[in-house]
Amino acid sequence: MIQKKICMLGSSAVGKTSLVRHYVDGIFSEKYLTTLGVKIDKKNITIEDQAFQFMLWDIEGTDQYSGFQPRYMRGAAVLILVTDCTRPQSYLDSLDILRQARKETDAPAILVINKSDLKAEWKLEHQQLFDIEKEFIGTIYTSAKTGESVETLFELIGDYFVTQY
Amino acid sequence: MSLNTDLIRQHAAEINIEHAVFNALDCTVLSRQKLDVFVLIHKIDTWSNVIIKKSSTNRVTINVACLFLTDFLIDAELFWARNESGILNSGFWTEQLSNGNLLHFEALACISAGQPILIIKNVAQVFAQQQRTLQAARETLISNETLQQQVDDTHQRINETISTDSDDMQMLKTISNTIDKATFGIMVLNHKLNPILQNPLNYRLFQLKDPGQGGTETPISIIFDLMKKQYPEYQRIFESATQWHGELYWLAAPHYVKWLKVSIYPIKDTLGKVTHWVLYINDISRIKHLLQHNEKLAHYDSLTQLPNRQLFWSIVEQNCMHQEPFYLLYIDIDNFKFINENYGHAEGDELLIIIAQRLQKLLKKEDVICRIGGDEFAVILKNVNGNNSDKSCMAIAQRVLTEVNIPYKVQHKDQLLITASIGVVHFPDDSNNPDLLVKYADLATYNAKLTGKSDIKFYSQELQQKTAQRISLENALREAINNDEFEVLLQPIMDIASGKIIKAEALVRWQSPDAGRIMPNDFIPLAEETGLIIPLGKLVFKHVCRHIKLLQQLGYHHKVSVNLSPKQIYDNSFSPFVYHTLTEYDVPPEQIEFEITESSLANNFEVVLNTLQQLKKGGVSISVDDFGTGYSSLAYLKRLPVDYLKIDRSFIIGIANDGGDQAIVSAVIVMAHSLKLKVIAEGVENVEQLKCLTEMNCDAVQGYLFSRPVDLNKFTDFLQDNSK
Ligand SMILES: Nc1nc2c(ncn2[C@@H]2O[C@H](COP(=O)(O)OP(=O)(O)O)[C@@H](O)[C@H]2O)c(=O)[nH]1
Ligand SMILES: [Mg+2]
């Protein structure tokens, strides 16, 4: 079994914790409970006969109350940058966070645009989105509420690991 | 009792105390023996087994399932190896038990009596407490972000509708569709601040009966009342047509309290004249309520940890009550918006934190520093010494500016330069009323910003009068542009060798129906500051084209030079406008010259170069005005597509008798000629000066010796005489 560390990054309340909860326990709660520090969950997954143990580091959101913690990046195999499709600012924040993470790790990053069950009343300019997306190995729209593409997200990551061997 | 047993008892007692302390702190304590092996010093029975595993009698290892702690040990090992003092802290982490319960921990590494120690602390209580605080803080942050975004989106739509729909009825209909759906109060006011449209929500926000059902109070009257009381600077917002965001506290009888977040935006026509105001009103009582449970969050700014605007107010009021003199400084960061937009909000935030720290370092403990707005700080200075306390205060303000000016190292750039403007008022000299003090401080800051930024202004009554005058002059100027109250005069420029008029400089005069003729010095700087120079410049250019056209019809094809201000150089639309207008009036570009001042070169050289090249491409020529007064170097001039240098009048005045001026002028002429530039001397008033200039090989002259600026008729007379 190969262990892989996956970091959930992004500003507060974009749904990092919810995505992990849905993926690991299959549950979702409307109530927002802000994360402090780190919580690590484990999940086993087999892709093309290769068994993996994902260690999901759910990290406190980066905002003006809590700075980015470079230490938590150590040994990360993948970074998941989570944004909230209803909050344009969360895109910009994710870029900022990625920039800081890049000082610590070259691990590939995936852009997750969460809360796809909610209607986004805005959209980024094409160029802007392009600029953002070129930093990532992939972009995926998810909903921790309906579960849309949550499994897919982690399967994609598994696929990515498999191609590495 | 033997000594021996005494010692043993004492030792045992000490150990017991130690264990009692660890129990009270809810800590498991380990001493590192070798890599991954620890000696157990103290354990907490209820949870230690989650973290550690017994390996032999008193040896333990860390439970491998504790991924976070295992990871932290990598850092701890390095820390112990360096044999450092202090404590390494892991930060909070959470372990989930098989029954779903959560435990919250923190690990500390240190060295005690030469021994590496690992402490694992159950932080349940601190965690819960911090979580409550952060929960409130983050919910507020997000609510504010969402509110602001909704307001921005709506405003963009309304602004577009008002600016593009010429049909008033249609416009109102479109807007009312937009605002009826909104979840916050929206009002559109005309320029006289009377509401012309609002959604019914406004009435509900203030618990008023719907319009037409009686009652003298209206939402807007309440808002204006509240602003008057809580933001004494409110009048200035409307007079100077600036955006405003703030929070209002509304006490509805008898026990009902509401917090409203209000955003006010002016909507301007192409001349910059305000045609409408749009107000957005959000009920943020719930958020405020959340915060009020937490003293620290309610009174301190979360970013800088400085007292916020609310606390600032009560501090000012208290200080006024104590009757001891103090200075109030408003510090406003210049162009902060630019930084946020170009480097991102994270960087902007980082800067604000650094600025706050610098201010704190600079000022005394008893001085209070507050963050009273996005990019505004206030300082209350007490005990300013010296028999001339204004002077001491000025020195402090100066030091603040110097401190702010030190370059900043931020993510994207390691040399970010920032300036600030400061307004100062004194209690009780300027006023003993807190409202007025704040209002005057705002006014002084506003004036400091006007005079080119990075400035300090003390409040005075003259300043207030000047501000009022300025605002009325600005309005008059706007009207004047609208009604074209301008006249463009021409001043001939003579070729020295031939004595012929070779071209003319266009000079604008404002012919005000109320105030008579107003000279450029009295309105051009204002036009420049307010941006009105852009429409004014275009108007003047059209006058010039008309003049040229008329002269052509009389058979004269002289070139006319037109002054370009720095703002015009930075205006992208200017060059296209020029060539469009030239075609419209059928004027060949060779008959136009643009004069740029030397000082406008100093700023953004690349931008200037780009604009000038664009202009030149079409065939106009360019001259550099006021040469000698700025700092432009030859290197600059060489790269610019310039044809003429105009030597500033200040050098010409003394040229006949001041050796210094003579030397400068003659050197400039030689230098210019070597760069293949021709030289025009400005402000030539007598024959001695002309004689000197002729000897120095100057090419052309302009000044009262030949003619003042004259109107088109007089100018044609001149041409007639001159061509004889
Ligand atoms: N509608 C919707 N709400 C979500 C979704 N994901 C998270 N949330 C909600 O967003 C809030 C913040 O979620 P959380 O997972 O704590 O965010 P974190 O701070 O990034 O860990 C909670 O109230 C969640 O219920 C989603 O996909 N759709
Ligand atoms: Mg979370």
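See above for the structure.
Residues numbered from 1 in each chain as written. Chains lettered and ligands numbered in written order. Predicted model: local features only at pLDDT ≥ 70, side-chain atom pairs only at ≥ 80, totals over all residues. Heavy atoms only, no water.

Colleague: Got a minute to help me understand the interface of chain B and chain A in this structure?
Modeller: You'll often see interface size given as the accessible area lost when the parts meet. Listed per partner, the contact involves 34 residues of chain B and 35 residues of chain A. Overall, the association of chain B and chain A removes approximately 3,100 Å² of surface from exposure, summing both partners, and the carbon and sulfur fraction of that is 52%. Where chain B touches chain A, the interface holds 7 salt bridges. Residues Asp75 of chain B and Arg71 of chain A are paired through a salt bridge, measuring 3.9 Å at the closest nitrogen-oxygen approach. On the surface where chain B and chain A come into contact, there are 17 residue pairs in polar contact (both at pLDDT 80 or more). Mapped by element, the contributors of at least two residues to the side of chain B that touches chain A are α3 (67-81), β5 (88-96), α4 (124-164) and α13 (345-362) of chain B. If you tally residues by element for the side of chain B that touches chain A, the top one is α4 of chain B, at 12 residues. Among the residues making up the side of chain B that touches chain A, the classes are represented as 15 nonpolar, 13 polar and 6 charged. (Contact = heavy atoms within 4.5 Å. Buried area = accessible area lost by both parts, 1.4 Å probe. Salt bridge = Lys/Arg side-chain N within 4 Å of Asp/Glu carboxyl O. Polar contact = N/O pair within 3.5 Å; in protein donor to acceptor, adjacent residues only side chain to side chain. Helix = DSSP H or I, 4+ residues; strand = E, 2+ residues; numbered from the N terminus. Nonpolar A, V, L, I, M, F, W, Y, C, P; charged D, E, K, R; others polar.)

Colleague: For this particular structure, what's the right way to read the packing of aromatic side chains?
Modeller: Where two aromatic rings form a pair, the distance of their centres and the angle of their planes describe that pair. Applying the stated criterion across every chain, the model contains 34 aromatic pairs over all chains. Summarising the aromatic geometry, the rings of Phe38 of chain B and Trp80 of chain B are spaced 6.4 Å apart at their centres and angled 65 degrees between planes, so their arrangement reads as edge-to-face. Here Phe38 of chain B, found in strand β2 (residues 37-42), pairs with Trp80 of chain B, found in helix α3; they are 42 residues apart in sequence, far enough to count as distant. The buried category is assigned to Phe38 of chain B, whose relative accessible area is 0%. For Trp80 of chain B, a relative accessible area of 6% puts it in the buried group. Among the aromatic side chains, those forming a connected cluster through ring pairs are Tyr23, Phe52, Phe54, Phe154, Tyr160 and Phe161 of chain A. One Lys or Arg, Lys503 of chain B, reaches over the ring of Tyr644 of chain B and ends 3.2 Å from the middle of that ring. (Phe/Tyr/Trp six-rings, centres within 6.5 Å; stacked < 30°, edge-to-face > 60°. Buried < 20%, exposed > 50% of the residue type's maximum accessible area, 1.4 Å probe, protein only. Lys NZ or Arg CZ within 6 Å of the ring centre and 35° of its normal.)

Colleague: Would you take a moment to explain the coordination of the magnesium ion (ligand 2) for this structure?
Modeller: Any two of four tetrahedral donors ideally make an angle of 109.5 degrees at the metal, while pairs among six octahedral donors ideally make 90 or 180 degrees. Residues and elements named next belong to chain A. In this structure, Thr17 (OG1) and Thr35 (OG1) serve as the protein donors to the magnesium ion (ligand 2), at separations of 2.0 Å. Of this pair, Thr17 sits in helix α1 (residues 16-25) while Thr35 sits in the loop between α1 and β2 (38-47); the two residues are 18 residues apart in sequence, bridging distant segments of the chain. Of the residues examined, Thr35 reaches a relative accessible area of 17% and is grouped as buried. (Donors = N, O, S within 2.8 Å, 3.2 Å for Na, K, Ca; no water.)

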